[in-house]
Amino acid sequence: MFIATLLTAPSTPSLDPALVDSLRNAWGGGEATWLAPDEAAEFPLETLPANQWEVWAELQGMGVDLIVLPAEGRRKKMLLADMDSTMIQQECIDELADEVGVGDFVKDITARAMNGELDFEGALIERVGLLKGLDEAVIGKVLDTRITFMPGGKALLATMKANGAYAALVSGGFTAFTARVADTLGFDENRANTLLTADGKLSGDVGRPILGREAKVQALKDITARLGLAHADVMAVGDGANDLGMLGLAGAGVALHAKPSVAAECDIRINHGDLTALLYIQGYAKPDFAA
């Protein structure tokens, strides 16, 4: 048994009941359940539709995300999340680079690294090197004035944790940022790279070993082993090439507003919804959301 979920952006909910019924009839699905009016609906299916991705592509042009998942085990016991452009709307290193006047140059490197065009570790070392001499206090300023949370994050964390899930933030960014983000959103733990400092200024280097793609995979393995969970119990979410390892290993790997090369390798692609989409695809209805 499978569950097909259709959803739209919560900021402009526009899911047409006629569209849901049309697809349900075409695929021979069961009765539709509305998880949120005009925003998200689901219906059961006996088999995986052969034309799933053709329909997905058509619905993308209508502002609708379509996800088809096995019904069994879809509520997960652990959330493993990337931070930059996933739990927050920015790339923290790009915001720091703006403070030293190399923002555009660094943003280009970041985009290429997240798209898998550059070696992650080498690209990180190069970008951090450009921050040398930046006053350490600027990190707090950036956190206070430049960083905004991805919509739906607080509801996602609160709801999954209220239902017994564990939440870990694992980032190729920096602990100076993950500590604040994890504390604000309610993550149980966070892992990231450490910006090295000397005399109150950034030294232009980052602590070793560098947390990249393999470290995220290892985090999933370590934490599930510690908690006695299976990899299938995990929902992982990210947007960059360095997230693909954990997205592939998790029971549900979600590409959220991801780079095209990343989304192409994932079966769960959220391009229109926000982080509450991760609740809808687990079968949570809006009234189930925790504050």
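Rules of the game
- Residues numbered from 1 in each chain as written.
- Predicted model: local features only at pLDDT ≥ 70, side-chain atom pairs only at ≥ 80, totals over all residues.
- Heavy atoms only, no water.
- Buried < 20%, exposed > 50% of the residue type's maximum accessible area, 1.4 Å probe, protein only.
- Helix = DSSP H or I, 4+ residues; strand = E, 2+ residues; numbered from the N terminus.
- Pairing = 2+ DSSP bridges.
- Right-handed = clockwise from strand over helix to strand, strands pointing away.
- Axes fitted to C-alpha atoms, helices over the stretch in contact; angles between N-to-C directions.
- Contact = heavy atoms within 4.5 Å.
- 1 Å grid on protein atoms, 1.4 Å probe; cavity = no way out; pocket = protein on both sides within 12 Å on 5 of 7 lines; lining within 4 Å.
- Points joined across faces, edges and corners; volume = space filled by probe spheres on them.
- Nonpolar A, V, L, I, M, F, W, Y, C, P; charged D, E, K, R; others polar.

Examining the pairing of strand β10 (residues 234-238)
Burial runs high along β10: 5 of the 5 residues are buried. Taking every second residue as pointing to the same face, both faces of β10 are buried, with Val234, Ala236 and Gly238 on one and Met235 and Val237 on the other. Bridge count between strand β5 (residues 78-81) and β10: 4 bridges; the pairing is parallel. Following the sheet pairing, Leu80 is matched in β10 by Ala236. Pairing of β10 with strand β11 (residues 252-256), which is carried by 4 bridges, proceeds in the parallel orientation. When the bridges of β11 are listed, Ala236 appears paired with Gly253. Following the chain from β10 across helix α10 (residues 244-249) to the adjacent parallel β11, one finds a crossover that is right-handed.

Considerations on the sheet that holds strand β4 (residues 65-70)
Within the open sheet, the 4 strands sit side by side as β2-β3-β1-β4. Their pairing is antiparallel. This sheet does not close on itself; its edge strands, each paired only once, are β2 (33-36) and β4. Within this sheet the neighbouring strands show an average axis-to-axis angle of 25 degrees, counted without direction. Relative to strand β3 (residues 40-45), strand β1 (residues 2-7) runs antiparallel, the two sharing 6 bridges. Paired with Leu7 across the two strands is Ala40, which belongs to β3. Strands β1, β2, β3 and β4 of the sheet are contacted by helix α1 (residues 17-26), whose axis makes an angle of about 10 degrees with β3. Each of β1 and β4 is contacted by helix α2 (residues 52-60), which is oriented at about 150 degrees to β4, the strand it contacts most.

Here's the deal with the layout of surface pockets
By rolling a water-sized probe across the atoms, one finds the places where empty space is left. Space inside the largest pocket adds up to approximately 390 Å³. Around the largest pocket, the lining is made up of 21 residues, and of these Leu69, Gly251, Ala252, Asp267 and Ile268 lie nearest the centre. Its residues assigned to classes, the lining of the largest pocket shows 11 nonpolar, 5 polar and 5 charged.

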